[in-house]
Amino acid sequence: MTMENIESVLQESRVFPPPADFAKTAHINSMDDYRALHRRSLDDPFGFWGEVASELEWFKPWREVLDESEKPFFKWFSGGKLNICHNAVDRHARGSMANKAAIVWEGEPGDERVLTYRDLHREVQRFANVLKSLGVGKGDSVALYLPMIPELAIAVLACARIGAVHSVIFAGFSADSVRDRVQDASSKIVITGDGGWRRGKVLELKSIVDEGVADCPSVEHVLVVRRDPFTEGFPCSMQEGRDVWYHERAKTVSPHCPCEEMDAEDLLFLLYTSGSTGKPKGIMHTVGGYSVHTYLTAKYIFDLRPKDVYWCTADVGWITGHSYIVYGPLQNGATVVMYEGAPNAPDPGRFWELIDKHRVTIFYTAPTAIRAFMKWGDEWVEKADLSTLRLLGSVGEPINPEAWMWYHEKIGKGRCPIVDTWWQTETGGILLSPLPGVTPTKPGSATLPFFGVDAAILDAEGNETPSGLLAIRRPWPGILRGIWGDPERFKQTYWCNWEGRYYFPGDGARRDDDGYFWVVGRVDDVVNVSGHRIGTAELESVFVEHPQVAESAVIGVPHEIKGQGLVAFVLLRGTDSTGSDTLRSELNDLVSKRIGKFAKPEKIIFSADLPKTRSGKIMRRLLRDIATGQSLGNVTTLADPSVIESLKTKYTD
Ligand code: WTA
């Protein structure tokens, strides 16, 4: 966790009560109600979650709300049968909501598509039948590598509909990352596109997939979606027998496809995320608990109302897009805005122009974007009419109070509550957040636990402490069910502390006198760059692949816009310790090739040595101190203290 964050939140004492207007109509609007319902959700979790689950439609009711007999492999709603696609699409596509907009999509060049719930229902069924025609069935793994076009949401829902397990790969990942994920999940089909727009450039997804799947024997077909169904699209080379154009196959299939009846504990999706080893882990989420958790959190935290126009700026390639573009809002019958491109294309006013144009009422984004907008200047904001906004959200990393205040004043005009939502890929949905009609907010705090969430700050022994490790003391419905293919790693990563009694998310936090949580950042070797999780070990293993590199240590450092940036200390083989710009760019290229451009470090420092203990362990703490200009802590355990001075000089050069 960074000192800067800790210091800025320690000084924060401003409190913003929920605006009276908002509270008047909110689903939950008094602190007493929140406290009573929270208490009940902990005292009677079966009753509480059972009632919530009854708001969704089930093909068969569950036998048992929660089964803890194989802790930490929890089961929710055992025996129940449902389909999340039915709850997100079908039940709204019949009756009075059929003609309501489900997805309002805008491409980076300004093209638009609107799909009503009826349209979405039709498109999802067609997509599902195309998948079936390619031999995809219940339990099969399907990888998706698509731009932010409606077909990404449609394909995700189509997988869910037929019980195929989707594994969405963010379209910024490299061919090597595609290969690793497709191999790990043994995906049978990869769905990609002919292209997508990002900052005026076309993403060449198909050729990345071609390279990625060359080594993936599990892949039977690559299904290629045209970004623009109304034109000839971008040229792609197609491999005879393996590659199939979606628009051609779609003409040949039936428009009707019933929902598969899924067991509540059947796998819904895998989503790969970084951890503290070099290998990303496939986080497993199952149908029942995830449906209930995303449904309820979206309803209460975004206070969704029938007329809302809701926009979450995340990519569906990350968990935020899964839970709060697709599943959460659609299960609530919301109108969801989806935008393909970059926030500053063609200019830094794009987001505000979209809010103005589509009359967005709820806006959910990341602190890194907010900080970039602050830097680009208020004039871009002032051009747009933001008067439709009624609620703002933040996710992905700690929001610094300065960014919070800017968001509150410039975007919310002082009248919109801000929900700072803390959660993770592993938690499936939000666990800590204000309720917008209830909770007085403090800039930088995710405030209080959501219903059913028993959060605490603990020391290593499991005692409550004002500042320490965040812990979740009982299971919630959206909890991950495991790491694909690696149950041991699942136990070691999340159940390693406190004798396996509580879930350990890997974050450090503080709790104030009002019981508010202030999550300050990761305490493990995961760095959060612009809200993207990157394991330092992942980069280190990339660097050592280079023949000139003997060893490396990668650390996270505070970054003005990205929240955190990466700095790599690289030890070269032989006598050379100076490196060169050529070597630096080779190492950067290697990172782009193995992971993706977004994982490139801010700085690469070549060195003759690294600070190590006498037993040979690299002391990352000292590297962090050097990078942040902190006075160095205890260096007596160092094998060779002179290393520090030379690194300090190199760092500041
Ligand atoms: C961090 C993103 C502080 C945290 C949904 C967590 C946050 C990691 C917040 C998960 C927040 C996310 N305040 N920190 N509101 N939201 N984080 O899996 O360190 O991409 O462990 O999920 O982001 O990142 P992930």
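Let us look at the structure shown here.

## Things to note about the nonpolar core
Then, in step 1: The biggest cluster of nonpolar side chains holds 123 residues, and the ones touching the most others in it are Phe 77, Phe 127, Leu 144, Leu 157, Ile 191, Leu 223 and Phe 302.
Then, in step 2: Among the elements that take part in this core, helix H7 (residues 150–162) stands out by supplying ten residues, more than any other.
Then, in step 3: Looking at which domains feed residues into this core, each of domain 1 (20–83 + 261–508) and domain 2 (134–260) supplies at least three.
Then, in step 4: Among all residues touching Leu 144, those that are not within four sequence positions of it are Leu 152, Ala 155, Val 156, Cys 159, His 166, Ser 167, Val 168, Ile 169 and Ile 191.
Then, in step 5: If you look at the next biggest cluster of nonpolar residues, it comprises 39 residues, including Ala 171, Trp 318, Leu 587 and Phe 598.

## A short note on helix H16 (residues 401–411)
Structural remark: α-helix, 3.6 residues per turn; residues separated by three or four positions point the same way.
Then, in step 1: With eight of its eleven residues buried, H16 lies for the most part within the structure.
Then, in step 2: Looking only at H16, the buried set comprises Pro 401, Ala 403, Trp 404, Met 405, Trp 406, Tyr 407, His 408 and Ile 411.
Then, in step 3: Positive phi appears at Lys 413, one or two residues downstream of H16, with a value of about 50°.

## Some words on the packing of aromatic side chains
Then, in step 1: This structure, assessed with the given rule, holds 47 aromatic pairs.
Then, in step 2: A centroid spacing of 5.9 Å and a plane angle of 70° characterise the contact between Phe 170 and Phe 598, whose relative ring orientation is edge-to-face. Here Phe 170, found in the loop between strand E7 (165–168) and helix H8 (175–185), pairs with Phe 598, found in the loop between helix H19 (581–594) and strand E30 (603–607); they are 428 residues apart in sequence, far enough to count as distant.
Then, in step 3: Relative accessible area serves as the criterion here: at 15%, Phe 170 is assigned to the buried category.
Then, in step 4: Here Tyr 290 and Tyr 327 contribute two aromatic rings whose centre-to-centre distance is 5.6 Å and whose plane-to-plane angle is 90°, an arrangement assigned as edge-to-face. Pair noted here: Tyr 290 is in helix H11 (residues 287–301) and Tyr 327 is in helix H12 (residues 319–331), with a separation of 37 residues, a long-range link. For the pair Tyr 290 and Tyr 327, one class covers both residues: buried.

## Quick word on the site of the ligand
Then, in step 1: The full set close to the ligand counts 17 residues, and Asp 420, Thr 421, Thr 425, Asp 507 and Arg 533 are the nearest of them.
Then, in step 2: In the environment of the ligand, a nitrogen atom lies 3.5 Å from a nitrogen or oxygen atom belonging to the backbone of Glu 397.
Then, in step 3: Residue Pro 398 places a main-chain N or O atom 3.4 Å away from a nitrogen atom belonging to the ligand.
Then, in step 4: Protein chains bury 96% of the 530 Å² of accessible surface belonging to the ligand in isolation.
Then, in step 5: Only H12, strand E20 (418–421) and strand E25 (517–522) provide two or more residues apiece to the shell around the ligand.

## Regarding the sheet that holds E7
Then, in step 1: What the eight strands build is an open sheet, ordered E12-E11-E8-E6-E7-E14-E15-E23; its pairing is mixed. In the strand order of this sheet, the two ends are held by strand E12 (243–245) and strand E23 (482–483), each with one partner.
Then, in step 2: Both strand E6 (residues 141–145) and E7 contribute to a ladder of four bridges, which runs parallel. By the bridge assignment for E7, Leu 144 is matched with Val 168.

Cut-off values and rules
Counting starts from 1 at the beginning of each chain's written sequence and moves along it residue by residue. For a predicted model such as this one, the threshold for reporting local features is a pLDDT of at least 70, and the threshold for listing and counting side-chain atom pairs is 80 or more; totals across whole chains, interfaces and linings nevertheless cover every residue. Calculation of side-chain values draws on the structure's entire complement of heavy atoms; hydrogens and water are dropped beforehand. Definition used in this section: a nonpolar core is a set of buried Ala, Val, Leu, Ile, Met, Phe, Trp, Tyr and Cys residues joined via side-chain atoms within 4.5 Å. Buried residues are those whose accessible area, probed at 1.4 Å on protein chains only, stays under 20% of the maximum for their type, while exposed residues exceed 50% and partly exposed ones sit between those limits. Numbering of helices and strands runs from the N terminus; a helix is a DSSP stretch of H or I covering at least four residues, while a strand is a stretch of E covering at least two. For each domain, the first and last residues come from an automatic or database assignment. In this analysis, two residues are considered to be in contact whenever any of their non-hydrogen atoms come within 4.5 Å of each other. Here is the rule: rings of Phe, Tyr and Trp (six-membered ring for Trp) pair when centre to centre is within 6.5 Å. Planes less than 30 degrees apart are stacked, more than 60 are edge-to-face, and the remainder are tilted. We call a residue near a molecule or strand when any one of its heavy atoms sits within 4 Å of it. Throughout this description, a polar contact denotes any pair of N or O atoms lying within 3.5 Å of each other; where both atoms belong to protein, one of them has to be capable of donating a hydrogen while the other can accept it, and for residues adjacent in sequence the pair is counted only when both atoms sit in side chains. Areas reported as accessible are Shrake-Rupley estimates using a 1.4 Å probe. Residue values count occlusion only from the protein chains shown. Paired strands are those between which DSSP finds at least two bridges.

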